[in-house]
Amino acid sequence: MIGEGRIVVVGASLAGLRAAETLREQGFAGSLTLVGEEPHPPYDRPPLSKQVLLGRVRAQDVALPSRSAVDARWKLGVRAGGVDPIEKRVILADGEQLAYDRLLIATGTRARPWPNADEARLDGVLTLRTNDDAARLAERLDAGPRRVLVIGAGFIGSEIASACRELGLDVTVAERGPSPLVGALGGTLGTFAGKLQRAHGVDLRCGVTVTALKGRNGRLTGAEFSDGGRIDADVAVVALGAVRNTEWLDGSGLAAGPRGVACDAGCRAFDMYGIVTDDVFVAGDVARFPHPLFEYQMLSLEHWGNAVAQAEVAAHNMISPGPRRRPHLTVPAFWSSQFGLNIKSVGVPTFSDQVVIAQGSLREGRFVAVYGYRGRVTAAVSVNRAKWLEHYQYLIETAAPFPPAPGAADRPGSFDPVPSDVPSPQLLSHGPTVALTGHLPDRHLTLVRHELSPTAAHCR
Amino acid sequence: MQIVVDLNRCQSYAQCVFLAPQVFELHGEEALMFRPSVPDDQHERVRRAEAACPVQAILVGEPAGLGAS
Ligand SMILES: Cc1cc2nc3c(=O)[nH]c(=O)nc-3n(C[C@H](O)[C@H](O)[C@H](O)COP(=O)(O)OP(=O)(O)OC[C@H]3O[C@@H](n4cnc5c(N)ncnc54)[C@H](O)[C@@H]3O)c2cc1C
Ligand code: SF4
């Protein structure tokens, strides 16, 4: 299948959009349908925890620009409920069935909800993933709450706390791990981030969990912590990380589970037996894929740049014959801005045993931290030093020795690598934004009978 | 007109900030913030910023999925 046929894309956000554009740009002339559960056309999520909360941009105004015209049928506000891989059909919640020759799964993630459903229903308890979520939260912050509680100090939680402080709001951040961002960036930068938050007036409480959200007449009034502490708060943002949207694939026979949909380096989905399919592709936050730079560990990334790059590779491979297919080898990269700092990362900081401040200094708040694993460079994170990062990306791509030679213009005070102290994800409130999932098989396979096909597998 | 900046690529050169300060601003030393929805009177300036960006990080286009149902 090169120029014609039927392609269905499920998930009409960043990855789905860029894949659709790439398909048309590369000459796909068949029928193209995009299915999206949200009623909105594709929009950009990163501003939702930044410009939007600061009141500079309205949550409705973050639509993504199109890169090229896409001739496609859009089914928005409709959820895909299942896939029949034998008949090659996507079954929609409104009853329609969409036949495909090639399917792209780009269903991303959603915010992990507060585990206690009664408490989660209290007025004032929110999560942040969609533009509707952001509109609600921005409105709450604009109303001037007395105190905001942020549960979980990953990137999104930390960015929310930063916006609150910038708006002059009192904010408490509760994190089960030893410091903010530690799950993504390890101990040295986690400690830095903790000091940064406190210096900006955040009431930061690490090593505690929120044991209860308290309410009166259906409204949130405060929270209790595992250390016996309690606070009053009228807004609580649950920032416990993301859940991959794979439930709709239950029973499809695909290797889909809580860690995402497993695929090969060419974005082709695996089935439950680890056999690669040739008509089902995966891209974006929902994908779980092997990366040669990281010992072929399966990576699950929640990064804007990965969604774009992987969507382009998936789209290309969907309409290309075998020898023309490309691997998705992009070095992972993301950014965050919080407390006035620009944080950028290349590589996989959690794939490390040591870290060194290679340029600048933590004290100045301008530096590059370089991460190594078994003697080679695997990641670098810059704080207000974005221009230096490209060099380290080259070191990662070429598997350069760690620690890197301290040849830079400004030498740090000490150039001794220290353990990178990446904690087990179990110790964190928020999920990691990069999960190394290679050593942790999701579930045990059991063979069962199945209506769709006698060979489909279910999992427990 | 909508825009998005690939902030992995952006190196905070700030050319866009000089050319269209109502749309692009530096937050702190080097974190770029932009208005995704460009006001009508800023189109020309944003086009110039797009062309001037040394790393071509600015994507300008019509809202994606226009006319989608
Ligand atoms: C607040 C916030 C801030 C962020 N900031 C940054 C940042 O600073 N830097 C960075 O690199 N990344 C950031 N990200 C991450 C980035 O936005 C994601 O990596 C990106 O959105 C992934 O795109 P995607 O298309 O794979 O998935 P998503 O954007 O999650 O889209 C998936 C879509 O599929 C739809 N869907 C799900 N299930 C179904 C179904 N069964 N049927 C039909 N449709 C379905 C969903 O409704 C959704 O619209 C941020 C994310 C958030 C939420
Ligand atoms: S001109 Fe380009 S590189 Fe410079 S700040 Fe603007 S977007 Fe970033």
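Numbering of residues begins from 1 in every chain and follows the order in which that chain's sequence is written. Throughout, the order in which chains and ligands are written sets their labels, letters from A for the former and numbers from 1 for the latter. Owing to the predicted nature of the model, reporting of local features is limited to residues with pLDDT of at least 70; listing and counting of side-chain atom pairs is limited to 80 or more, with chain, interface and lining totals taken over all residues. Heavy atoms from the whole structure form the basis of all side-chain values; hydrogens and water molecules are not counted.

**Observations regarding the domain arrangement of chain A**
Residues and elements named next belong to chain A.
And then number 1: By the assigned domains, chain A splits into domain 1 (6–45 + 64–110 + 243–324), domain 2 (113–240) and domain 3 (333–429).
And then number 2: Domain limits in this description derive from either an automatic procedure or a database domain assignment. For domain 1 and domain 3, the distance between their C-alpha centroids amounts to 32 Å.
And then number 3: Should any heavy atoms of two residues lie within 4.5 Å, those residues are counted as being in contact. On the side of domain 3, 12 residues touch domain 1, which itself brings seven residues to the contact.
And then number 4: The buried area of a pairing is the accessible area, by a 1.4 Å probe, that goes missing from both parts when the two are put together, added over both. Where domain 1 abuts domain 3, roughly 820 Å² becomes buried across the two surfaces, and 70% of that area is made up of carbon and sulfur atoms.
And then number 5: Ranking the residues of domain 1 by area buried against domain 3 places Leu293, Phe294 and His303 at the top, with a combined share of 62%.

**Re helix H3 (residues 131–142) of chain A**
Residues and elements named next belong to chain A.
And then number 1: The end-to-end C-alpha distance of H3 is 16 Å, a good match for the 16 Å that 12 residues give at a rise of 1.5 Å each.
And then number 2: Looking at H3, one finds that the buried residues are Asn131, Asp133, Ala134, Leu137, Ala138 and Leu141. Here the buried residues of H3 occupy an arc of 145 degrees about the axis, which is enough to place them on one side. By definition, any uninterrupted DSSP run of H or I lasting at least four residues is a helix, any uninterrupted run of E lasting at least two residues is a strand, and each is numbered from the N terminus. Working rule for helices: expected span equals 1.5 Å times residues minus one. Relative accessible area decides the class of each residue, using a 1.4 Å probe on protein chains only: under 20% of the type maximum gives buried, over 50% gives exposed, and in between gives partly exposed. In this description, one arc is meant: the one made by directions from the helix axis to the C-beta atoms.

**Description of the packing of aromatic side chains**
And then number 1: Working definition: a ring pair exists when centres of Phe, Tyr or Trp rings (six-membered ring for Trp) sit within 6.5 Å. Plane angles under 30 degrees give stacked, over 60 give edge-to-face, the rest tilted. A full pass over the atoms with the stated rule returns five aromatic pairs over all chains.
And then number 2: Judged by centre distance (5.7 Å) and plane angle (70 degrees), the rings of Trp304 of chain A and Trp335 of chain A are edge-to-face. Here Trp304 of chain A is found in helix H6 (residues 304–318), whereas its partner Trp335 of chain A is found in strand S24 (residues 333–338), with 31 residues between them in sequence.
And then number 3: Exposure remark for Trp335 of chain A: the relative accessible area of 11% places this residue in the buried category.
And then number 4: An aromatic cluster is present here, built from Phe294, Phe351 and Tyr373 of chain A joined pairwise through their rings.
And then number 5: Between Arg385 of chain A and the ring centre of Trp388 of chain A, over which it is positioned, the NZ or CZ distance is 4.9 Å.
And then number 6: Charge over a ring is defined by NZ of Lys or CZ of Arg lying within 6 Å of the ring centre and within 35 degrees of the ring normal. Over the aromatic face of Tyr13 of chain B sits the side chain of Lys387 of chain A, whose NZ or CZ is 5.2 Å from the ring centroid.

**Comments concerning the sheet that holds strand S14 (residues 219–225) of chain A**
Within a sheet, neighbouring strands are paired by backbone hydrogen bonds and run either parallel or antiparallel to one another.
Residues and elements named next belong to chain A.
And then number 1: Here, strands pair whenever DSSP counts at least two bridges between them. Pairing is antiparallel across the open sheet formed by three strands, whose spatial order is S13-S14-S15. Because the sheet does not close on itself, it has two edges, and the strands there are strand S13 (210–216) and strand S15 (230–232). Neighbour-to-neighbour, the strand axes of the sheet open up by a mean angle of 25 degrees, direction not taken into account.
And then number 2: Bridge count for S14 against S15 is three bridges, and the pairing is antiparallel. Within the sheet, the bridge partner assigned to Gly222 lies in S15 and is Asp232. Every angle, taken between N-to-C directions, lies between 0 and 180 degrees, and every axis is a line fitted to C-alpha atoms, over only the stretch in contact when it is a helix.

**Things to note about the interface of chain B and chain A**
And then number 1: Tallying the contact residues gives 31 residues for chain B and 37 residues for chain A.
And then number 2: For the chain B and chain A pair, buried surface summed over both sides reaches about 2,800 Å², with 55% attributable to carbon and sulfur atoms.
And then number 3: The three residues of chain B that bury the most area against chain A are Asn8, Glu30 and Ala64 of chain B, which together make up 22% of that side's buried surface.
And then number 4: Ionic pairing is found between Glu29 of chain B and Arg366 of chain A, a salt bridge with its closest N-O pair at 3.0 Å.
And then number 5: We call two N or O atoms a polar contact when they sit within 3.5 Å, provided that within protein one can donate a hydrogen and the other can accept it, with sequence-adjacent residues counted only if both atoms are side-chain atoms. For the interface between chain B and chain A, the tally reads 16 residue pairs in polar contact (both at pLDDT 80 or more).
And then number 6: Those elements giving two or more residues to the side of chain B that touches chain A turn out to be strand S1 (2–5), strand S2 (24–27), strand S3 (31–34) and strand S4 (58–61) of chain B. We define a salt bridge as a side-chain nitrogen of Lys or Arg found within 4 Å of a carboxyl oxygen belonging to Asp or Glu.

**Brief notes about the side chain of His27 of chain B**
And then number 1: Its place among the elements puts His27 of chain B in strand S2.
And then number 2: For His27 of chain B, a relative accessible area of 12% corresponds to the buried category.
And then number 3: Residues within four places of His27 of chain B in sequence aside, it is in contact with Leu54, Arg56, Glu166 and Gly340 of chain A together with Met33 of chain B.

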